[in-house]
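# Fold and contact review
Spelled out from the first residue to the last, the chains are:
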Amino acid sequence: MNYLYLYFHRHKGFNLQSIYNMIRKKITFILLLALINFLFLQHIQAGNPQSAQDSTSTNVPQTIELIDINYETERVEKKFTKMEYGLEPDARFLEIDSLFTDYKIFLENEAHDFKTYNPYHLSKYFLESTYRSWEGFHLKLSGWQAEINGRVKLVQENIADLNKIKQVWDLTLESDKYINEPEESKDRIREIITRASGIRTDLQIQKRQYIILEDDITDMTSFCNDIIEEVNLLQQHLRDSLFIAVSLPMWKVKVVQSDFIPVSAKLNKVRHENAKTLKNYLETESMGTFWIGVLMIIIFFFLLRYRYIKLNFDDSEPGHKSIVRILIKFPVLTPISLILVFFHLLFPYHPLLIGLTITLILLINMRYILSDFIDRANKVFISKVILLLIINNLEIIFWYFGNVARYFILFETVLGMLLMINYLKPVYWYKFKESTLENKVTWLLALFIFTFYFMSFFANFFGYLDLSVLLVKAGVHVPEFTIVLYGLYKITIVLISALVKIGKAGKSAILDNYWDIIEKRAKQVINILIIYYWFFFLTVSFEVSRVIFDSITEFFLQERSVGTLNITIGGIFALILILLVTFLITGLLKIVIEDILLKRSKLPRGVPAAISVTIRYFLIILGFMFALSAGGIELGKFSLLAGALGVGIGFGLQNIVNNFISGLILVYERPLQVGDTIEVENLLGRVNRIGIRSSNVKTYDGAEVIVPNGNLISNQLINWTLSDNKRRIEIKVGTSYGSDPNIVLEILKKVAMENEDTLKEPPPRALFEDFGDSSLNFRLLFWVPYDIGI
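In what follows, the accompanying structure is described.

So, how was this worked out
Throughout this document, residue positions are counted from 1 along each chain, in the order its sequence is written. Two thresholds apply to this predicted model, a pLDDT of at least 70 for residue-level local features and 80 or more for giving and counting side-chain atom pairs, whereas whole-chain, interface and lining totals are computed over all residues. Heavy atoms throughout the structure, all of them, feed into the side-chain values; hydrogens and water do not. Labels follow the DSSP assignment, with helices taken as runs of H or I lasting at least four residues and strands as runs of E lasting at least two, numbered in each case from the N terminus. A 1.4 Å probe rolled over the protein chains alone gives each residue an accessible area, and that area as a share of the maximum for its type sets the label: buried under 20%, exposed over 50%, partly exposed in between. Any two residues whose heavy atoms approach within 4.5 Å are treated as being in contact. Working definition of accessibility: Shrake-Rupley area with a 1.4 Å probe, residue cover restricted to the visible protein chains. Aromatic contacts are taken between Phe, Tyr and Trp rings whose centres are within 6.5 Å, Trp giving its six-membered ring; a plane angle under 30 degrees counts as stacked, one over 60 as edge-to-face, and the others as tilted. Whether a charge sits over a ring depends on NZ of Lys or CZ of Arg being within 6 Å of the ring centre and within 35 degrees of the ring normal. Strand pairing is assigned whenever DSSP identifies at least 2 bridges connecting the two strands. To get an axis, a line is fitted to the C-alpha atoms, and for a helix only the part in contact is used. The angle between two axes follows their N-to-C directions and goes from 0 to 180 degrees. In this scheme, a helix's expected span is set at 1.5 Å multiplied by one less than its residue total. To define a nonpolar core, start from buried Ala, Val, Leu, Ile, Met, Phe, Trp, Tyr and Cys residues and group those joined through side-chain atoms within 4.5 Å. Salt bridge, as used here: a side-chain nitrogen of Lys or Arg that lies within 4 Å of a carboxyl oxygen of Asp or Glu. For patches, a residue must show more than 30% relative accessible area and have no salt bridge; joins then use 9 Å for like charges and 5 Å for nonpolar side chains, namely Val, Leu, Ile, Met, Phe, Trp and Tyr.

Another point: the overall build of the protein chain. Each helix and strand in the protein chain was counted, giving 27 helices and 10 strands. Counting across all 790 residues of the protein chain, residues that qualify as buried make up 37%. Within the protein chain, counting contacts between residues at least 6 apart in sequence, those at least 24 apart form 73% of the total. For the protein chain, the accessible area works out to roughly 45900 Å², and carbon and sulfur atoms hold 63% of it.

Counted under the stated rule, the structure contains 43 aromatic pairs. Taking 6.3 Å as the distance between ring centres and 45 degrees as the angle between the ring planes, the aromatic pair formed by phenylalanine 408 and phenylalanine 411 counts as tilted. A residue pair is termed a helical-turn pair when its members lie 3 or 4 positions apart in one helix, as phenylalanine 408 and phenylalanine 411 do in helix H15 (residues 404-420) at 3 residues. Using a relative accessible area of 9% as the deciding quantity, one classes phenylalanine 408 as buried. One aromatic cluster is present, built from ring pairs that chain together Phe481, Tyr532, Tyr533, Trp534, Phe535, Phe536, Phe537 and Phe549. Over the ring of tyrosine 368 we find arginine 367, and its NZ or CZ is 5.4 Å from the ring centre. Over the aromatic face of tyrosine 131 sits the side chain of arginine 546, whose NZ or CZ is 3.5 Å from the ring centroid.

Read from one edge of the open sheet, 5 strands run S6-S5-S4-S3-S7, paired in antiparallel fashion. A strand with exactly one partner marks an edge of an open sheet, and here the two such strands are strand S6 (704-708) and strand S7 (717-719). Each strand axis lies, on average, 40 degrees off the axis of its neighbour in the sheet, ignoring direction. As judged from the 5 bridges shared by strand S4 (residues 683-690) and strand S5 (residues 694-699), these two strands associate in the antiparallel manner. When the bridges of S5 are listed, valine 687 appears paired with valine 697.

Overall, antiparallel pairing links the 3 strands, which are arranged S8-S10-S9 in an open sheet. At either margin of the open sheet sits one strand with a lone partner, and together these are strand S8 (726-735) and strand S9 (765-771). Within the sheet, the average angular offset between the axes of one strand and its neighbour, ignoring direction, is 25 degrees. For S9 and strand S10 (residues 776-785), the ladder comprises 6 bridges, and the chain directions are antiparallel.

This paragraph deals with helix H12 (residues 352-369). The terminal C-alpha atoms of H12, which comprises 18 residues, lie 25 Å apart, in line with the 26 Å expected from a rise of 1.5 Å per residue. Within the sequence span of H12, burial applies to Leu352, Ile354, Gly355, Leu356, Ile358, Thr359, Leu360, Leu362, Leu363, Asn365, Met366 and Ile369.

What follows deals with helix H4 (residues 69-86). The end-to-end C-alpha separation of H4 is 26 Å, in line with the 26 Å expected for 18 residues at 1.5 Å each. On the buried face of H4, the contacting elements are helix H6 (124-174) and helix H7 (183-240).

Take the nonpolar core next. If you look at the biggest cluster of nonpolar residues, it comprises 73 residues, and the most contacted ones within it are Leu327, Phe343, Leu363, Met366, Phe381, Met420 and Ile483. Where this core is concerned, the elements lending two or more residues are helix H9 (288-310), helix H10 (320-328), helix H11 (333-346), H12, helix H13 (376-393), H15, helix H17 (437-461) and helix H18 (465-505). Ranked by residue count, the leading element in this core is H18, at 17 residues. When near neighbours in sequence (up to four residues on either side) are disregarded, leucine 327 contacts Phe301, Leu304, Arg305, Tyr308, Val494, Leu495 and Ala498.

Across all of its chains, the model carries 17 salt bridges by this definition. Between glutamate 72 and arginine 75 there is a salt bridge; the shortest N-O distance is 2.7 Å. Placement of both glutamate 72 and arginine 75 in helix H4 is noted, with a separation of 3 residues, approximately one turn of the helix. In this structure, the salt-bridge partner of glutamate 317 is lysine 501, at a minimum N-O distance of 3.3 Å. One end of the pair, glutamate 317, is in the loop between H9 and H10; the other, lysine 501, is in helix H18, with 184 residues separating them in the sequence. Because the salt bridges share partners, they merge into one network encompassing Arg92, Glu95 and Glu147.

As a further point, take the environment of isoleucine 358. Note that isoleucine 358 resides in helix H12. Separated by 15 residues in sequence, isoleucine 358 and phenylalanine 343 place their C-alpha atoms 9.1 Å apart. Isoleucine 358 has contacts with Leu340 and Phe343, leaving out every residue within four places of it along the chain.

A grouping of Val255, Phe260, Ile261, Val263, Leu267 and Tyr407 is seen on the molecular surface, where their side chains present a nonpolar patch of about 460 Å² in accessible area. Take leucine 267: it is sitting in helix H8 (residues 263-284). Here leucine 267 falls in the partly exposed class, since its relative accessible area comes to 40%.

Quick look at the structure:
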């Protein structure tokens, strides 16, 4: 009180506002000092293990008070009931246990079959197919392992909880407080202790069962890793021998009868190997998610198509022709293509035969889907690529026919060069700059195919068989996935455009300002994905994808020390990515919650914005915590930094904290809203945005003024449109002394009533004010909409 007296004595011109400002600043400063003190103590405690031990040593189980015994008994019995329910036979555990028994036998047989082959006479196709199969096996085992491990952790938590319960109730039973209690009460406590011991014993048995199964799955996971590592070494051996003539040159290669006789037996072997792989894959892979996805794709496509046709757009609408070419003209091929892509993304480790079939079907689909976007020469080129891809896929069969495969590759490369030699004519390259993008890409791809097939021909001819196979594979697959990705780009862009046009034509005008932004951002994401997948498939075609991406992964996951922190490049990128996704999600939620859902509700004005801000701030904080965790940064290591930051806030950042708190007050107290016309100090304008630190006010002169939130809270604020959008206008009129006051009042009121901009409620009022020096003075009061009143 003495402090307040001295303050007011020194500042004799004080008012209520100055009192409020002083108290607010002092309270803020005290709270910040308390925060600094807390963080400092936390830091000291973290640096003093003995202190930490002392603090935790006091956290010992306490006996239950007599008054709480009934409540605690009921609470514990509810826990026991829940735990006993978890002890019932676990259907999923029994299912995994049963499946794993058969799966283990299956994997051992597969491994035995793989080891019977000569490791140095295995084709690239066989090794790649084997790698994909065992990666799929490993993925399935890892899924089971994660499920069982989750159950082990849950059981362990229950056991720890039971140990604590038993300790508390043992202490309670031995407490002096219960010496004189009836035996019935003690028996009840003993019953709880006995029940806890029994449940704990059952949980330990259950945990042992889970651990045994988890150990078995872990052993089989390691077994799979060994096979995968062996396949990787064999593939690495083939890569190392690319520039070594491991095979005889063509003039020394002789085809003997045993290479192709008996034909039926070799074809049966081809069929058996691939059928076995397909059968194993289909039997071990769960397709439920895939069929749900297929159903959703079909429903989405045909609903979009039906809605677009119903709107009756014409050719004058931008992009309409492209939408018709894909969405309307191909109602079967387009969804089939989307389904195949979805399968490829959902099951990355599908058998090689399935992958080759999917790429071939996609390429054939694109030949027809792109027919209206390209000219006849480009269609012929795609048809030639389809033929070369079919022939390349036939290599799977010819590898079973010994040296016949060498001649088949020779035939394949010669055919490829003959099909592409037409595109090497100088006439095409003379007009290269003036040609369309599609034609330029076609000629470059044709040159690419011819060059790689040419090199493959000579590599095979001189005995560099592994290099020849790689070159011919890259020569056909790079053009193939380039065409497919271009077709998928066209399909996705068309679907986005159709969706945006349908949205713009809808009755709801809420998203009118966002459709163009949504379309632009979606196209940007599609462009990035297309570039990424083109690079990815390029590395796959040259059989270096795993080497490159493993190296990239190792680089990103390698720990680096920065002071006392151990961070990784991948963690930093994950931190940035999570923050970007967080702000993207909060922006979308603002549109969905504030502009769509809550505006349609009958909530009071300003409540939707408060709900939206609360959710957004919560998600931002949550995202920030996840980002720090993903970046490998422990929050406990920020104690010193937080202490320093607290000091900075207390002494130098008071205004920032003040504006932040004021922003929260503006949101929840709602003295002003976005769209309100306010007057603060010498500023008059409309509120465009209420931010964390400041708000944006646009004046009627067109200037946008950034006003700190603290000014809006601490200064006198006039809100012209808080409760309604009306403004009263006053007009003073003077008449001569010979005028009849009643007639003047009637005329004034009539003029106001007949004006179309005047509100009829409240009604205009005309008043006689006083006798002036040379006139009778009148006042006309009437109400108008605020914008007109300006």
